[in-house]
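Summary of the model geometry
Given next are the chains, with one letter for each unit.
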Amino acid sequence: MILTVTLNAAIDKRYVVDGVLQGEVNRVKSCSYTPGGKGLNVSKPAVIAGGSVVATGFVGGHAGNYIEEALSTFGITSAFYHLKGESRSCINIWDEKNKIQTEFLEPGFEVGEEDFLQFLEHYKKLANEAEVIAISGSVPRGLDGTAYQRMVKIGKEAGKKVILDTSGNLLKMGIEAAPSMIKPNLDEIRMLTGKSCDSLEEMIKAAEDIHKRGVEIVAVSLGSEGSFVVCSSGIYRARVPKIDAVNTVGCGDSMIAGFALGLSRQLPMEEILRNASAVSAASALREETGFFLMEDMQRLQPQIEITRIGG
């Protein structure tokens, strides 16, 4: 079982418009509503790819009930901790005319230390039943940089693989607990190491430094150029084919889903990276965030080039 953690779950609202008129009424051509938050955007593709997923985190109010009901249609088991506040909404506006994507993210409710401690007890029980834990995204107001650090520690003490996908101080403090995997982008790896990382070689050296600090797998996104992974079995580079992307929101989360599945199945890193890259690319071909078609993934898999470049 893969346990996904979304402390700041939301309802994702996607509006498609034909150009945005500032200060005027804008007619929406189409709209969609899905359970969102980075952890849930890991949950959905993991299930599509054949995984068994339990989702936890915080939800509240009518919006929280909708999130749980909607997740059940994907075959995801909900195990959320309920709060009195209302779960947030996040709005994604896709301008078809200008090919521009704009997001509005609500802050959501505030979580106190007492609620968080009770949630951690709930999380411990779920962690004991999981094979891989994927902790993703931001935290609600009221929690600090130690939140994920504590959760990673609990997961590692339970003997589980723990993936941490976040940013800023949450990432900086989180890696002190030595998660099994992180997936930083260029800005994040610069923040973690203090290195300029102006070349691929420098980025690899920075990732190696993080790996030596106890993080088993450091997967670094290179955008349209693919990614690379530093791990105990070596350094691997993934190059992906050029695609006509429809929605790139959540592609990184889909990649995390691929890694979580691969780790739960104890696959070789080359195979994990190929599958994760294929899931990520396939998800970019669909309007709905955190969704892909297996036929797209299977078509893209053989087109992804995996090269061992060191280690």
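See the structure shown above.
None of the values given here were measured: they were computed from a predicted structure.

Definitions and cut-offs
Residues numbered from 1 in each chain as written. Predicted model: local features only at pLDDT ≥ 70, side-chain atom pairs only at ≥ 80, totals over all residues. Heavy atoms only, no water. Pairing = 2+ DSSP bridges. Helix = DSSP H or I, 4+ residues; strand = E, 2+ residues; numbered from the N terminus. Axes fitted to C-alpha atoms, helices over the stretch in contact; angles between N-to-C directions. Contact = heavy atoms within 4.5 Å. Core = buried A, V, L, I, M, F, W, Y, C linked by side-chain atoms within 4.5 Å. Buried < 20%, exposed > 50% of the residue type's maximum accessible area, 1.4 Å probe, protein only. Salt bridge = Lys/Arg side-chain N within 4 Å of Asp/Glu carboxyl O. Parallel < 35°, antiparallel > 145°, perpendicular 65-115°, else oblique. Left-handed = near helix turned anticlockwise from the far one by under 90°. Nonpolar A, V, L, I, M, F, W, Y, C, P; charged D, E, K, R; others polar. Disulfide = S-S within 2.5 Å.

The sheet built from four strands is open, its strands ordered β3-β2-β7-β8 with mixed pairing. Strand pairing shows two members of the sheet lacking a second neighbour, β3 (30–36) and β8 (100–105), which therefore form its edges. Taken pair by pair, the neighbouring strands of this sheet meet at an average axis angle of 20°, ignoring direction. Here strand β7 (residues 88–95) runs beside β8; their pairing, made up of six bridges, is antiparallel. Considered in β8, the bridge of Asp95 is made with Ile100. Packing of helix α1 (residues 38–48) onto the sheet brings it into contact with β2 (10–17) and β3, and relative to β3 it is tilted by some 95°.

This part takes up the side chain of Asn8. Residue placement: Asn8 occurs in the loop between β1 (2–6) and β2. Apart from the residues lying within four places of it in its own chain, the contact partners of Asn8 are Gly37, Arg88, Pro107, Ser138, Val139 and Pro140.

To continue, consider the nonpolar core. One finds Leu7, Phe58, Phe116, Tyr123, Ile135 and Met151 to be the most contacted residues of the largest nonpolar core, which totals 49 residues. In terms of residue count, the dominant contributor to this core is helix α3 (residues 113–129) (six residues). In this structure Tyr123 touches Leu3, Val5, Ile133, Ile135, Met151, Ile154 and Gly155, once residues within four positions along its chain are discounted. If you look at the next biggest cluster of nonpolar residues, it comprises 47 residues, including Val47, Ile163, Met255 and Leu263.

What follows is about unusual backbone geometry. One non-glycine residue with positive phi stands out, namely Lys99, at about 55°. Mapped onto the secondary structure, Lys99 falls in the loop between β7 and β8. Even without being glycine, Gln266 reaches a positive phi, approximately 55°. Of note, Gln266 is situated in the loop between α8 (251–264) and α9 (269–283). The exposure class of Gln266 is exposed, given its relative accessible area of 72%.

Let us now look at the pattern of salt bridges. Opposite charge on two side chains permits pairing when their charged atoms draw close. Considering all chains together, one arrives at twelve salt bridges under this definition. Between Asp253 and Lys38 there is a salt bridge; the shortest N-O distance is 2.7 Å. Residue Asp253 is found in helix α8, and its partner Lys38 is found in helix α1; the two are separated by 215 residues along the sequence. Exposure remark for Lys38: the relative accessible area of 33% places this residue in the partly exposed category. Here Glu121 ties to Lys124 by a salt bridge, and the two come within 3.2 Å at their closest N and O atoms. With a gap of three residues between them, Glu121 and Lys124 both fall in helix α3, about one helical turn apart. Overall, the relative accessible area of 44% leaves Glu121 in the partly exposed class. The class of Lys124 is partly exposed, set by a relative accessible area of 34%. Several salt bridges converge on common partners, so that one network encompasses Lys38, Asp165 and Asp253.

For Ala63, the location among the structural elements is in helix α2 (residues 61–72). Here Ala63 falls in the buried class, since its relative accessible area comes to 9%. Once residues within four sequence positions are removed from consideration, Ala63 is found in contact with Ile11, Glu86 and Ser87.

A few words now on the pairing of β7. By the criterion of burial, β7 is predominantly enclosed, with seven of the eight residues buried. Pairing of β2 with β7 involves eight bridges; the strand directions are parallel. Residue Lys13 lies in a different strand from β7, and its bridge partner there is Ile91. Once β7 ends, the chain turns through four residues before running back antiparallel as β8, passing Lys99 with a positive phi of about 55°.

This part covers the packing of α3 against helix α4 (residues 146–157). Two elements in contact, α3 and α4, have axes separated by 11 Å at closest approach and are oriented at 20°. Our classification of the angle between α3 and α4 gives roughly parallel. Seen along the crossing, α3 lies across α4 with a hand that is right-handed. Contacts between α3 and α4 involve Glu113, Phe116, Leu117, Phe119, Leu120, Tyr123 and Lys124 from the first element and Ala147, Arg150, Met151, Ile154 and Gly155 from the second. Partitioning the contact of α3 with α4 into residue classes produces eight nonpolar, one polar and three charged.

Quick look at the state of the cysteines now. In the structure shown here, the tally under the stated rule is zero disulfides. Of the cysteine sulfurs around Cys197, a residue in no disulfide, the closest is that of Cys231, at 18 Å. Note on Cys197: relative accessible area 2%, which makes it buried. The thiol of Cys251 is not disulfide-bonded; the next cysteine sulfur, from Cys90, is found 17 Å away.

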